[in-house]
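Spelled out, the chains give:
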Amino acid sequence: MKPMMRKRYGLTFLASLALSACGAQDIEPGASEPVTSTQVQTLEVPADWVGHQLGLSPPRLRPLEKVTRFARPEPGELPSIRKIEPQIGLEKPGGQMRAMGPDGTIYEVSVPEADAEKVGAALRERGLSGSSLPSEQPRSASGWSNGLDSRARWTNSGSDWPRDTIGVVSPNGSSWCTGTLFEGRLVLTAFHCLWDGYGNWVNPQFRAGQDGTTQPYAAVNHTWKYWDQGFVDNNCHKWMTTGYRQVCEQYDWAVLVLADTPTSSTGVTPGYMGVYYNSSDSGLASYSTYHYGYPGCGSVGAPAGCVDNSMWGQSFTCDIGSFFNPVGGWNRNFYHGCDMSGGHSGGPLYSWSPGANGPYLLAVNIAESCKGSACSGTTPNIAFRIDKWLGDQMMYWRSIY
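Quick summary incoming for the structure in this document. (Residues numbered from 1 in each chain as written. Predicted model: local features only at pLDDT ≥ 70, side-chain atom pairs only at ≥ 80, totals over all residues. Heavy atoms only, no water.)

### Observations regarding the pattern of salt bridges
Tallied over the entire structure, the rule returns nine salt bridges. The salt bridge partner of arginine 153 is aspartate 211, with a shortest N-O separation of 2.9 Å. You can see arginine 153 sitting in strand S7 (residues 152-153) and its partner aspartate 211 sitting in the loop between strand S11 (205-208) and strand S12 (222-228), a full 58 residues away along the chain. Residue arginine 153 is classed as partly exposed on the basis of its relative accessible area, which comes to 33%. Here lysine 388 and aspartate 392 are joined by a salt bridge, their closest N and O atoms 2.8 Å apart. (Salt bridge = Lys/Arg side-chain N within 4 Å of Asp/Glu carboxyl O. Helix = DSSP H or I, 4+ residues; strand = E, 2+ residues; numbered from the N terminus. Buried < 20%, exposed > 50% of the residue type's maximum accessible area, 1.4 Å probe, protein only.)

Next comes the structure, spelled out in structure tokens:
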């Protein structure tokens, strides 16, 4: 991997599906304002950026607006998605990249798809798409849902891998959502984790590997965030009033750029997972897949003995079901049988199956289609799949940050 060249910025800014938010919507009016200039800017990249070696230009940023206030959910609240509603009326297309910078300015991001593809190919050819540490595949067995919770708590032992690449994404010090490192400073999560459900941004930190009150690594703010504007253009960020509809599932991902690499008091870093995509639905479904997340203890279906800010999941593989929501020739979503409850949103579906240098991120957990013991069938939950487009974008950001 490239030598770490950290860019420092000033002010930093920085689910899920169960409790109704009871105070997050009480935000002052005027939460954003127009920008003073819409002049296109260039994102700062490292001097040794691989894009320069490929003859590419850095990303272009056009300022759109500036967020001035963030909602402040109370500890114990979760982003509340009641159910997935059918789509009514026309969908607005996605594919437009947006970013928010350290001062709250939202930018339109211009990265030619061919450029991201070239950078992604270059990193994969150099063996730089894998995880940061050697690992061994855990045991595999048949997991099953059918209304039975098979999760166990994964406690902090100081040596588990890839446990500490997974962490809490939260604006309030409590369980809120989950995210996964795919580079020292890059976290993949669900985009709805950055909203209160009423159209107001929240401002989360990332806490790698937290276990109850134990924090193996210091909490870290983030500087930049990236997302697909299709989620906002379809009003998915206002799901408490408009409903979380089928179109929302197609764009529910976000990447956070942390201000620093999470580091323990002894200078240890947690490492990160690799990134992998497979164009074959059946090929992806054949992988031995795992998931862990941070459930909110007050959510419907929370595990027995739940401890806030503790990680839970199955120690064995879970089933992958049917694929749906085609975008650009790829089915963006699929059903899965990894047991979960509110707070697991944004958590990883990962596997050692793609080969050496794993584990690899395959998808992001985004929603439950039923609650706890009311579920039936083996694949009741929904994931956002890493397709070629997002996989190349993730490699592109890995090359910069």
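Here the narrative resumes.
### Here we look at the pairing of strand S21 (residues 360-368)
Looking along a regular strand, one sees side chains alternate from face to face of the sheet. Of all nine residues that make up S21, nine are buried, and the element is covered over most of its length. Bridge count for strand S20 (residues 348-351) against S21 is four bridges, and the pairing is antiparallel. Within S21, the position partnered with leucine 349 by the bridge is alanine 363. In this structure, S21 lies alongside strand S22 (residues 381-385), joined through five bridges in antiparallel fashion. Each bridged residue has a counterpart across the sheet, and for alanine 367 the counterpart in S22 is isoleucine 382. (Pairing = 2+ DSSP bridges.)

### Details of unusual backbone geometry
Residues apart from glycine generally show negative phi values, whereas peptide bonds are mostly found in trans. Residue proline 162 is bonded to the preceding tryptophan 161 through a cis peptide linkage, with omega at 10°. Of note in the backbone geometry, asparagine 235 takes a positive phi value of approximately 60° without being a glycine. Within the secondary structure layout, asparagine 235 lies in the loop between helix H3 (230-233) and helix H4 (239-242). You can call asparagine 235 partly exposed: its relative accessible area is 34%.

### Some points on the state of the cysteines
On inspection of all chains with the given rule, the structure shows four disulfides. The side chain of cysteine 177 participates in a disulfide bridge whose partner is cysteine 193; the two sulfur atoms lie 2.2 Å from each other. Residues cysteine 177 and cysteine 193 are joined by a disulfide whose S-S torsion is about -85°; by sign, that bridge is left-handed. Taken together, the residues span a long stretch of sequence, with cysteine 177 in strand S9 (residues 177-183) and cysteine 193 in the loop between strand S10 (186-189) and S11 at a distance of 16 residues. What makes cysteine 177 buried here is its relative accessible area of 0%. (Disulfide = S-S within 2.5 Å.)

### What to know about the environment of proline 162
Inspection of the secondary structure assignment puts proline 162 in the loop between S7 and strand S8 (166-170). For the pair proline 162 and serine 131, spaced 31 residues apart in sequence, the C-alpha separation works out to 9.2 Å. Discounting chain neighbours no more than four positions away, the residues touching proline 162 are Trp154, Met273, Tyr350, Trp352 and Pro359. (Contact = heavy atoms within 4.5 Å.)

### Here we look at the packing of helix H2 (residues 113-125) against helix H6 (residues 388-400)
Between H2 and H6, the least distance of the axes is 8 Å, while the angle of their chain directions is 70°. When the axis of H2 is compared with that of H6, the two are roughly perpendicular. Where H2 approaches H6, its residues Glu113, Asp115, Ala116, Glu117, Val119, Gly120, Leu123 and Arg124 are matched on the opposing element by Lys388, Trp389, Asp392, Gln393, Met395, Tyr396, Arg398 and Ser399. Counted by class, the contact of H2 with H6 contains six nonpolar, three polar and seven charged residues. (Axes fitted to C-alpha atoms, helices over the stretch in contact; angles between N-to-C directions. Parallel < 35°, antiparallel > 145°, perpendicular 65-115°, else oblique. Nonpolar A, V, L, I, M, F, W, Y, C, P; charged D, E, K, R; others polar.)

### Looking at the nonpolar core
Phe191, Trp201, Trp224, Tyr226, Met394, Trp397 and Tyr401 are the most contacted members of the largest nonpolar core, which has 88 residues in total. Ranked by residue count, the leading element in this core is H6, at seven residues. Among all residues touching phenylalanine 191, those that are not within four sequence positions of it are Trp201, Trp227, Asp228, Phe231, Val232, Tyr251, Asp252, Trp253 and Ala254. Ranked by size, the runner-up nonpolar core spans eleven residues in total, among them Tyr287, Phe323, Phe334 and Ala383. (Core = buried A, V, L, I, M, F, W, Y, C linked by side-chain atoms within 4.5 Å.)

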